[in-house]
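What follows is each chain in one-letter form.
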Amino acid sequence: MADVQGTCDLPLTRAIVQYRDVHERDLPGGRIQDFGIGLVLDGRYASAAQVIDLGSGVVREMDLSAELVILDWVYEPTLDHVHALLLEDASNGGSPGPDAAVDRSTEGGDLIRYCNRLGLGVIERLGFSYLTRPVLLRLGFRDICQDLDLHEGTAFRVLMGKRRVARIHMDYDSGALVIRTGRSQPDPDLQAALDASFPEGDLRRGRAVGPTGTVWYQLRLPLPLTVEETHRHLKAVRTGIEGLIARFEPARFRAIRDLQGALGPRETLSTLHLRETLAPTEPVLGLGASASTVH
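Because the structure is predicted, anything quoted here is derived from the model rather than measured.

**Things to note about the confidence of the model for the protein chain**
With 88% of its residues at a pLDDT of at least 70, the protein chain reaches an overall mean of 86. Across the protein chain, the element-wise mean pLDDT spans from 42 in helix 2 (residues 101–107) up to 96 in strand 2 (residues 37–42). Residue range residues 98–107 is modelled with pLDDT below 50. Its contacts to residues more than four positions away, or to other chains, number 24 contacts.

**Some details on the sheet that holds strand 7 (residues 164–171)**
The strand order 6-7-8-10-9 describes an open sheet built from five strands, whose pairing is antiparallel. Among the strands making up the open sheet, the edge pair consists of strand 6 (156–161) and strand 9 (202–207). Strand-to-strand twist of the sheet, defined as the mean angle between neighbouring strand axes without regard to direction, takes the value 25°. In this structure, strand 7 lies alongside strand 8 (residues 176–180), joined through five bridges in antiparallel fashion. Among the inter-strand pairings, H169 is bridged to a residue of strand 8, identified as V178. Along the sheet, helix 6 (residues 227–248) contacts strand 6, strand 7 and strand 8; its crossing angle with strand 6, the most-contacted strand, is approximately 25°.

**Focus: the nonpolar core**
Core analysis: the largest hydrophobic core is formed by 60 residues, its most contacted members being L39, F141, L177, I179 and I241. Sequence-distant contacts of I241, that is, excluding residues within four places in its chain, are made with F141, I144, L148, F156 and F198. Judged by nonpolar contacts, the second largest core, of eleven residues, contains L12, A46, V51 and M62.

**A few points about the side chain of D34**
Within the secondary structure, D34 is located in the loop between strand 1 (15–18) and strand 2. Among the polar contacts made by the side chain of D34, one reaches the side chain of S56 at a distance of 2.6 Å. For D34, the contacting residues outside a window of four places in its chain are E24, D53, S56, R60, R138 and R142.

**Looking at the pairing of strand 10 (residues 215–220)**
The pairing of strand 8 with strand 10 spans four bridges and is classified as antiparallel. Paired with L177 across the strands is L219, a residue of strand 10.

**Quick notes on helix 4 (residues 133–148)**
Each full turn of the α-helix corresponds to 3.6 residues, which orients residues three or four apart in the same direction. The terminal C-alpha atoms of helix 4, which comprises 16 residues, lie 23 Å apart, in line with the 22 Å expected from a rise of 1.5 Å per residue. Most of helix 4 sits inside the fold, with 16 of its 16 residues counted as buried.

**Some words on the packing of helix 1 (residues 76–91) against helix 3 (residues 110–126)**
Contact geometry for helix 1 and helix 3: axes closest at 9 Å, N-to-C directions at 150°. Here helix 1 lies roughly antiparallel to helix 3, going by the angle between them. Where helix 1 abuts helix 3, its residues T78, H81, V82, L85, L86, E88 and D89 lie against D110, L111, Y114 and L118. Taken together, the residues of the contact of helix 1 with helix 3 sort by class into six nonpolar, two polar and three charged.

**Things to note about helix 6**
The end-to-end C-alpha distance of helix 6, which contains 22 residues, comes to 32 Å, matching closely the 32 Å that a straight helix rising 1.5 Å per residue would cover. V227, T230, H233, L234, V237, R238, G240, I241, L244, I245 and F248 are the residues of helix 6 that are buried. Take helix 6 and look down its axis: the buried residues cluster within an arc of 160°, on one side only. Turned more than 90 degrees off the buried face of helix 6, the exposed positions are E228 and K235. Residues of helix 6 that are buried sit in contact with helix 4, strand 6, strand 7, strand 8, helix 5 (188–197) and helix 7 (250–263).

Conventions adopted
In this convention, every chain numbers its residues from 1, walking through the sequence in written order. In keeping with the model being predicted, local features are shown solely for residues with a pLDDT of at least 70 and side-chain atom pairs are shown and tallied solely at 80 or more, while totals for entire chains, interfaces and linings include all residues. In computing side-chain values, all of the structure's heavy atoms are included and hydrogens and water are not. pLDDT expresses, on a scale from 0 to 100, how confident the predictor is about each individual residue. What counts as a helix is a DSSP run of H or I of at least four residues, what counts as a strand is a run of E of at least two, and both are numbered from the N terminus. The contact criterion used throughout is that any non-hydrogen atoms of two residues lie within 4.5 Å. Here, a strand pair is defined by DSSP locating no fewer than two bridges between the strands. Axes here mean lines fitted to C-alpha atoms, for a helix over just the part in contact, with angles spanning 0 to 180 degrees between N-to-C directions. Nonpolar core, defined: a set of buried Ala, Val, Leu, Ile, Met, Phe, Trp, Tyr and Cys residues in which side-chain atoms within 4.5 Å join the residues together. The buried label goes to any residue with under 20% of its type's maximum accessible area, the exposed label to any with over 50%, and the partly exposed label to all in between, with areas taken from a 1.4 Å probe on protein chains only. A 3.5 Å cut-off defines polar contacts: any pair of N or O atoms within that distance qualifies, except that in protein one atom must be a possible hydrogen donor and the other a possible acceptor, and neighbouring residues in sequence count only when both atoms are side-chain atoms. Given the number of residues in a helix, its expected span is that number minus one, multiplied by 1.5 Å. Reported orientations rely on four angle classes, namely roughly parallel under 35 degrees, roughly antiparallel over 145, roughly perpendicular from 65 to 115, and oblique for the rest. Just so you know the grouping, Ala, Val, Leu, Ile, Met, Phe, Trp, Tyr, Cys and Pro go in nonpolar, Asp, Glu, Lys and Arg go in charged, and all remaining residues, Gly too, go in polar. Working note: the arc is built from the helix axis to C-beta atom directions.

See the structure below:
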């Protein structure tokens, strides 16, 4: 077949779908309260589907006609219950729309609690796989950002000096970190800091297309293939980001260290009973990781 339609004609109502980058263009990495998976409330037209995020409880209109990942389906009574909770939430003063995500999620409520249980329950039932890995990485990176730099985006910001700010978010499909500075020239200090903080990483540099032509970096880390490797991957990301804070903002690092010592880090993945769905393997040769380089 040389010609393909390229769009979805399947009614998606009741589907639990995973967001792709094409669905989230407002903030790279997504919003902090979102899980990155949602329940399709009305999917008669895939190009204009009504989807509730199972983390924030915010309803958005999304184009799901392409790059669609369906994780599961819910029963009609489950969908009816979510609609009832939405009506109850609205009558109690819940604010629709993505801009209310942070405040509404911190308030809690029946809608948020039910959506959270539904979303985490689906991931727990599916276990670790190539389809669920991006969601697991997002949940883990979300914990890191909430601990180290809580704001509206699932990203971390580090102040490197006067008018020098780096913003770091994760490409959940590849597990790589994307670092943007808004500068038109490479930053040797940042490159050295990334190399020191992520010794197992492969650091690459790119330049945005357009009149500004700003430089950005991609830090590739070994892609996790098991639940245990996913935990190690996220631990390496947390340790590396803390290293950046200690290097550029020592006072902030001390404050975070004291707070983490008292409360401990968030560990959403540790609360889930995730089963392995991939065939187990064992190491044959112990190969050392190569040092980070900039390409």
